[in-house]
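Here is how the chains run, residue by residue.
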Amino acid sequence: MRRTLRRFGGIATALTLMGLISLPAAAAALITDNMYPTVNTGWSCPSSDALVRSGFCRTDNSTVTYYYNTSGLSATAKSRINVVAGRYNSTDLNFSYQSKAVWTGSGETDIVYFQGSIPTGYVGFAWCNDQVDGTDRCDQHYVRFKSSTPTTRTVCHETGHAVGLTHGQSAHRRLSNSDSRLGCMTTPSASEHLGAQNVEMINATY
């Protein structure tokens, strides 16, 4: 029901104004739909070991396990990932660290962070490694950082993609990619925090 109300937010808002229905306060406060898929996300949920441009989708459920590669990422990077996971835990998502990644089966580790080569001009990249067959959900996302010590802003941003949050121009209605209401999902990311819009968007989805 939450997802349905959010998907037809414009219609629901109009009906609310006419006094025909009422919406939960959180749903009414959403300024846009920036959760994959929207009418402005022009890609299907992929499934690829190789880096896929614009290749993220939604995670498969509210329980999110994560792992960071022990080589390549600095101790500071790992600490920042844990801090960001704690901030996502303030939503309806439940993040937990796995000391050993699960690579196959129905219970794969949901987000795997590592350092490596990414396209020029990017500091981080997230994409789906294993789509849940025939859906817009992903069983495992890869998040790759250019630096061995990515900023907390970058970690928050790429983690947002791994749970389905989009840039402003991929949202419906479209926003500027630099709209500060998008919290750490601005491009370039200017905040270390999710912000109210992203928290409510996550809670309306999961």
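Residues numbered from 1 in each chain as written. Predicted model: local features only at pLDDT ≥ 70, side-chain atom pairs only at ≥ 80, totals over all residues. Heavy atoms only, no water.

Draft legend 1. Representation of the packing of helix 4 (residues 75–88) against helix 5 (residues 152–162). Between helix 4 and helix 5, whose axes approach to 9 Å, the crossing angle comes to 50°. Here helix 5 runs oblique to helix 4, going by the angle between their axes. Handedness of the crossing formed by helix 4 with helix 5: right-handed. Contact residues: Arg80, Ile81, Val84, Arg87 and Tyr88 in helix 4; Thr152, Val155, Cys156, Thr159 and Gly160 in helix 5. Looking at the contact of helix 4 with helix 5, its residues break down into 5 nonpolar, 3 polar and 2 charged. (Axes fitted to C-alpha atoms, helices over the stretch in contact; angles between N-to-C directions. Helix = DSSP H or I, 4+ residues; strand = E, 2+ residues; numbered from the N terminus. Parallel < 35°, antiparallel > 145°, perpendicular 65-115°, else oblique. Left-handed = near helix turned anticlockwise from the far one by under 90°. Contact = heavy atoms within 4.5 Å. Nonpolar A, V, L, I, M, F, W, Y, C, P; charged D, E, K, R; others polar.)

Draft legend 2. Just the environment of Ser44, in detail. Along the chain, Ser44 turns up in the loop between helix 3 (25–29) and strand 1 (58–59). For the pair formed by Ser44 and Thr135, sequence separation is 91 residues and the distance between their alpha carbons is 9.2 Å.

Draft legend 3. Molecular detail of unusual backbone geometry. Note the cis peptide between His172 and Arg173, where omega equals 10°. Residue Thr187 is joined to Pro188 through a cis peptide bond whose omega torsion reads -5°. Within the secondary structure layout, Pro188 lies in the loop between helix 5 and helix 6 (195–205).

Draft legend 4. Spotlight on the packing of aromatic side chains. A full pass over the atoms with the stated rule returns 16 aromatic pairs. Among the aromatic residues, those joined into a cluster by ring pairs are Tyr66, Tyr68, Tyr88, Phe95, Tyr97, Tyr113 and Phe145. (Phe/Tyr/Trp six-rings, centres within 6.5 Å; stacked < 30°, edge-to-face > 60°.)

Draft legend 5. Quick look at the pairing of strand 2 (residues 63–68). Taken across its 6 residues, strand 2 has 5 buried, putting it largely inside the fold. For the crossover from strand 2 across helix 4 to strand 3 (residues 94–97), the handedness is right-handed. (Buried < 20%, exposed > 50% of the residue type's maximum accessible area, 1.4 Å probe, protein only. Right-handed = clockwise from strand over helix to strand, strands pointing away.)

Draft legend 6. Looking closely at the nonpolar core. The biggest cluster of nonpolar side chains holds 32 residues, and the ones touching the most others in it are Tyr88, Phe95, Tyr113, Leu165 and Ile202. Those elements that provide at least two residues to this core are strand 2, helix 4, strand 4 (111–115), strand 6 (137–145), helix 5 and helix 6. Among the elements that line this core, the one with the most residues is helix 4, at 5 residues. With sequence-adjacent residues up to four places away left out, Phe95 is seen in contact with Val64, Tyr66, Ala85, Tyr88, Asn89, Ile111, Tyr113, Thr159 and Val163. (Core = buried A, V, L, I, M, F, W, Y, C linked by side-chain atoms within 4.5 Å.)

Draft legend 7. Expanded view of the state of the cysteines. The final tally for this structure, using the stated rule, is 3 disulfides. Covalent S-S linkage joins Cys45 and Cys57, the inter-sulfur distance amounting to 2.0 Å. Handedness here is read from the sign of the S-S torsion; for Cys45 and Cys57, about 40°, the answer is right-handed. Taken together, the positions of Cys45 in the loop between helix 3 and strand 1 and Cys57 in the loop between helix 3 and strand 1 put the pair 12 residues apart, joining distant regions of the chain. Disulfide pairing is shown between Cys156 and Cys184; the S-S distance is 2.1 Å. With the S-S dihedral at roughly -60°, the linkage between Cys156 and Cys184 falls on the left-handed side. Here the residue Cys156 occupies a position in helix 5, and Cys184 occupies one in the loop between helix 5 and helix 6, the gap between them amounting to 28 residues. The exposure class of Cys184 is buried, given its relative accessible area of 0%. Taking only the cysteines that form disulfides and numbering them from first to last, the protein has the pattern 1-2, 3-4, 5-6. (Disulfide = S-S within 2.5 Å.)

All quantities given are derived from atomic positions and should not be read as evidence of function.
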